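Next come the chains, spelled out residue by residue.
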Amino acid sequence: MARALLGHVGTIQFGLLLMATAAQSSHEQNQNLMANDQSKQGMGGEPHQVSGGDDPRLTTNQGLVVSDDQNTLTVGPRGPQALEDFVMREKITHFDHERIPERVVHARGYGAHGYFEPYESAADLTKAAFLQDPKQRTPVFVRFSTVAGRAGSFDTARDVRGFAVKFYTSEGNYDLVGNNIPVFFIQDAIKFPDLIHSVKPAPDRDFPQAQSAHDTFWDFVSLSPESTHMLMWIMSDRAIPRSFRMMDGFGVHTFRMINAKGEAKFVKFHWRPKLGALSLVWDEAVTINGADPDFHRRDLWNSIQAGDFPEWDFCVQEFTEEEAEGFDFDVLDPTKIVPEEIVPLRRLGRMVLDRTVDNFFAETEQVAFCPSHVVPGIDFSNDPLLQGRLFSYLDTQLSRLGSPNFHQIPINQPKCPMQNFQRDGHMQMDVPTGRVANEPNSLDEGSPREDPERGFTSYPAEESGQKLRVRPESFADHYSQARQFYKSMTDPEKRHIAGGFAFELGKCKELKVRKRMLGRLQLVHEELHDAVAKKLGMEGEAEKLEPAAPVLDPDPSPALSQYAGFEGGMQGKKIGLLTTTGVDSQLYNALVEGAKQEGAEVALIAPKAGPIETSRGKELAPDDFLAGAPSALFDCVLVAPSSEGAEALMADPDAVNWVRNAYAHLKVIGVTKEAAPLLDKAQVDPGAKGVLTLRGADDIGQYLKGVAAQHRVWEREEAMS
Ligand code: HDE
């Protein structure tokens, strides 16, 4: 009895204490909410109040104040639990249903808010309101994603990246749901489930995860020659971007733009990042997947939080239907690009991402993109892949978000008037008034009406023909543009493509699939085939394949290379500084200042997690510690310890690997004279390209220049291969 009583008293006191804590935390929550509300211009509608205004008390979902959120209702302190405990049941039931089905593809993604503004009016091309006035900013929400992996997979998988933009325009939401690669694997939507099943983990064993390096994928694509062009891109550096901020984006399909006179042109959409389209090297990507699976989302979050806002130019290639007929490929075929040498880019405006989300689930997970969300002035083409997508996205939201009312979720709400007679359904949030829910009607004069003038009208393209299930003959050339892509690459890019194919096909254990794929590569380019066959030890084993259409030999298109036109620069780069207590404060300050001026960032890495001191006794808090932050996480590195610190680093295998890997990953390496012996220990030639010994703070400028000159030290790779 005494024990039970004690326990009871204890519970009451504990309960009171916790009530105070709960009160405190929900008060803070209120304050956050109020602060957030002020910055809410970007969100659709009013955010749902998760608080009672000035009343800080914790309640159930019905508004009942909770007295104890720590203990379940029991019969006696050590007795059975009472089924009547509705507080506990409500809480657990809600928790049990917290997850919704993840996206069937593009499950892992990360989003941010921002705005779009045109550089000038594009009225000659389109009547879309958001492209008319350079003074008019349109709010946007962007979600970047990988395709194959689950929501909990890692960021730097070799994969296409989704690049989906929702423009909240004054004429309704416009979704440009693109990728960071301008072509696709298949030409017809009916093949999409097979493509995705082939790349996802095998249904019996449920692995491999977030990988295309396995039998089912390569079996499918080697049997689908239309995939060949896309394979070139996906085996290239494009599939391992350095950052979301450093990725191109493409609408992929040919769309139409229509001006106020009703004149239409075909367009291809492009996003061009201000920082350039840059990538990781493969081994870096592999290391980062383990060291920081959130590498890309962390980078986006940190840069926006730091006020270093990612930015892209929005461009189109515009051409008439007659011009398109003169191209030696079909613009309705999504496995083809329109080379920029034939149709140059026109810059329409810029997009800036300047606000992270307040809640990942409410915004990034619940955002619903649909290519069918268009505005007057933008329309579709007959690309069969696009036409299939126009069905799929609305449909998938119904199972993913569970209701046709997904447009009422704040992130999906348009920011212009929205009214119609659609009613009811799961999770109806609106309370439509009045007795009329039909149209036409004469009972409610104020109810919404059609507007033939301002409303969306489809472009009146002439269509006729027989109903058929055939692939157009003009879609039959699967190799010419793949060859053009390969020919347009710099030598390092060519090496990476061959390396990508060899890695993936090496993981593909079915010999007949490898041979078939080698046959396809032979049709793309002998040199590529030879390099891959050599790496696989399968020279002379390619299956002999006949192309369905003659393979052309187009001139290289330099615009396709990421590095041919790269002008260098430090912006957005991350410098890993490995240092110890006693770091030369002058050198440290020069580095931080110099990097800042160039728009770069320094990450301070110390042997241990605790603070270090500079030579002038200033305390510095490391961003990370050596064993937790491999050099793969940085674009370039600098090792600048004190003399004693250098001795400790020499004896630390993590430090030796740090430098050795930085070298292998083609980074510019700087060492102070104290750290120079570490090079020797890491078997790095101090005279090698991109390796610099600094005499002191005065050499920081030279080091930064070396880093800015090129993204990675490609010559070193050539020497190593
Ligand atoms: Fe998608 N795709 N897709 N896709 N796609 C989805 O929609 C689909 C294709 C793309 O961040 C799904 O809401 C079909 C091409 C992005 O929320 C689904 C076909 C391109 C995203 C779907 C394609 C894309 C998706 C899954 C062949 C580049 C993520 C969840 C006809 C132009 C959007 C969802 C986000 C997502 C279907 C091919 C881009 C199932 C049937 C080509 C960026 O509806």
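Residues numbered from 1 in each chain as written. Predicted model: local features only at pLDDT ≥ 70, side-chain atom pairs only at ≥ 80, totals over all residues. Heavy atoms only, no water.

## Points about the UniProt feature "domain: Catalase core" (unreviewed entry) in the protein chain
Alright, step 1. On the UniProt side, "domain: Catalase core" (unreviewed entry) is annotated at positions that read residues 59-447 here.
Alright, step 2. Taken as a whole, residues 59-447 contains 22% helix and 19% strand, while its terminal C-alpha atoms sit 39 Å from one another. (UniProt positions renumbered as here; feature names shortened; annotations may be inferred. Helix = DSSP H or I, 4+ residues; strand = E, 2+ residues; numbered from the N terminus.)

## Some thoughts on the UniProt feature "binding site: heme" (unreviewed entry) in the protein chain
Alright, step 1. UniProt records the feature "binding site: heme" (unreviewed entry) for Arg103, Arg143, Phe192, Arg389, Tyr393 and Arg400 in the present numbering.
Alright, step 2. For Arg103, the location among the structural elements is in the loop between α2 (86-96) and β1 (109-118).
Alright, step 3. In contact with Arg103, other than residues within four places in its own chain, are Arg143, Thr364, Glu365, Val367 and Arg400.
Alright, step 4. Assignment of secondary structure puts Arg143 in strand β2 (residues 138-146). (Contact = heavy atoms within 4.5 Å.)

## Overview of the environment of Val671
Alright, step 1. One can find Val671 in strand β17 (residues 669-672).
Alright, step 2. Residue Val671 is classed as buried on the basis of its relative accessible area of 1%.
Alright, step 3. Residues Val671 and Val659, 12 residues apart in the sequence, show an inter-C-alpha distance of 9.7 Å.
Alright, step 4. Apart from the residues within four sequence positions on either side, Val671 is in contact with Leu638, Val639, Ala676, Leu679, Leu692, Thr693 and Leu694. (Buried < 20%, exposed > 50% of the residue type's maximum accessible area, 1.4 Å probe, protein only.)

## Considerations on the coordination of the iron atom of the ligand
Alright, step 1. No protein donor other than Tyr393 (OH) coordinates the iron atom of the ligand, and that contact is at 1.8 Å.
Alright, step 2. Mapped onto the fold, Tyr393 is located in helix α10 (residues 384-400). (Donors = N, O, S within 2.8 Å, 3.2 Å for Na, K, Ca; no water.)

## Some points on the site of the ligand
Alright, step 1. Taken together, 23 residues lie near the ligand, and Arg103, Arg143, Arg389, Tyr393 and Gln397 sit nearest.
Alright, step 2. Side-chain polar atom of Arg143 to an oxygen atom of the ligand: 2.7 Å apart, as the coordinates give it.
Alright, step 3. Elements represented by at least two residues in the shell around the ligand include exactly β3 (161-169), β4 (172-179) and α10.
Alright, step 4. Take the shell around the ligand: its biggest share by element is 6 residues, from α10.
Alright, step 5. Grouping the amino acids of the shell around the ligand by side-chain chemistry returns 11 nonpolar, 9 polar and 3 charged. (Near = heavy atom within 4 Å. Polar contact = N/O pair within 3.5 Å; in protein donor to acceptor, adjacent residues only side chain to side chain. Nonpolar A, V, L, I, M, F, W, Y, C, P; charged D, E, K, R; others polar.)

## Thoughts on empty space enclosed by the protein
Alright, step 1. The tally for this structure, following the rule as stated, stands at 8 cavities of 30 Å³ or more.
Alright, step 2. Taken together, 20 residues form the lining of the largest cavity, with Pro182, Phe250, His270, Ile337 and Glu340 sitting closest to its centre.
Alright, step 3. Considering every element that reaches the lining of the largest cavity, the biggest residue donor is strand β7 (residues 264-273), with 4 residues.
Alright, step 4. Residue composition of the lining of the largest cavity, by class: 10 nonpolar, 4 polar and 6 charged.
Alright, step 5. Here the second largest cavity is characterised by a volume of approximately 140 Å³.
Alright, step 6. Taken together, 15 residues line the second largest cavity, and the ones lying closest to its centre are Val147, Asp159, Val160, Phe185 and Val199. (1 Å grid on protein atoms, 1.4 Å probe; cavity = no way out; pocket = protein on both sides within 12 Å on 5 of 7 lines; lining within 4 Å. Points joined across faces, edges and corners; volume = space filled by probe spheres on them.)

## Focus: the pattern of salt bridges
Alright, step 1. In this structure the tally under the stated criterion is 41 salt bridges.
Alright, step 2. The salt bridge partner of Arg99 is Glu98, with a shortest N-O separation of 3.8 Å.
Alright, step 3. Of the charged contacts, one joins Arg238 and Asp248 as a salt bridge, the two residues approaching to 2.7 Å between their closest N and O atoms. Remark: Asp248 occurs in the loop between α5 (228-234) and β5 (249-250) and Arg238 occurs in the loop between α5 and β5; sequence separation between them is 10 residues. (Salt bridge = Lys/Arg side-chain N within 4 Å of Asp/Glu carboxyl O.)

## What about the sheet that holds strand β15 (residues 624-625)?
Alright, step 1. In space, the 6 strands of this open sheet follow the order β15-β12-β11-β16-β17-β18, with parallel pairing throughout. For this open sheet the edge positions go to β15 and β18 (691-694), each flanked by a neighbour on one side alone.
Alright, step 2. Judged from the 4 bridges that link them, β17 and β18 form a sheet pairing that is parallel. Each residue of the ladder has a partner; that of Ile669, found in β18, is Val691. (Pairing = 2+ DSSP bridges.)

## A look at the pairing of strand β12 (residues 601-606)
Alright, step 1. Most of β12 sits out of view: 5 of its 6 residues are buried.
Alright, step 2. Two strands pair when backbone bridges link them, and strand β11 (residues 574-578) and β12 are joined in this way by 5 bridges, in the parallel orientation. In the sheet register, Ile575 faces β12, and the bridge partner there is Val602.
Alright, step 3. Bridge count between β12 and β15: 2 bridges; the pairing is parallel. Along β15, the bridge assignment pairs Ala606 with Phe625.

## Describing the pairing of β3
Alright, step 1. With 9 of its 9 residues buried, β3 lies for the most part within the structure.
Alright, step 2. Judged by which residues are buried, β3 turns out to be covered on both faces: Arg161, Phe163, Val165, Phe167 and Thr169 on one side and Gly162, Ala164, Lys166 and Tyr168 on the other are all buried.
Alright, step 3. Sheet topology places β2 next to β3; 7 bridges connect them, and they run antiparallel. Following the sheet pairing, Thr146 is matched in β3 by Arg161.
Alright, step 4. In this structure, β3 lies alongside β4, joined through 8 bridges in antiparallel fashion. For Val165, the partnering residue across the bridge sits in β4 and is Leu176.

## Points about the state of the cysteines
Alright, step 1. Taken as a whole and judged by the stated rule, the model has 0 disulfides.
Alright, step 2. There is no disulfide at Cys416, and the cysteine sulfur nearest it, in Cys370, is 16 Å away.
Alright, step 3. Relative accessible area serves as the criterion here: at 16%, Cys416 is assigned to the buried category. (Disulfide = S-S within 2.5 Å.)

## Digging into helix α6 (residues 282-291)
Alright, step 1. If you check which residues of α6 are buried, you get Glu284, Ala285, Ile288 and Asn289. Across the axial projection of α6, the buried residues extend over an arc of 140 degrees, all falling on one side.
Alright, step 2. Those residues of α6 hidden inside the fold are in contact with α7 (295-305). (Arc of directions from axis to C-beta.)

## Details of the packing of helix α13 (residues 511-524) against helix α14 (residues 526-536)
Alright, step 1. Viewed as axis vectors pointing N to C, α13 and α14 meet at an angle of 150 degrees, and their least axial separation amounts to 6 Å. One way to sum up the angle between α13 and α14 is to call them roughly antiparallel. Residues Arg514, Leu518, Leu521, Gln522 and Val524 of α13 pack against Glu526, Leu528, His529, Val532, Ala533 and Leu536 of α14.
Alright, step 2. Across the contact of α13 with α14, the residue classes tally to 7 nonpolar, 2 polar and 2 charged. (Axes fitted to C-alpha atoms, helices over the stretch in contact; angles between N-to-C directions. Parallel < 35°, antiparallel > 145°, perpendicular 65-115°, else oblique.)

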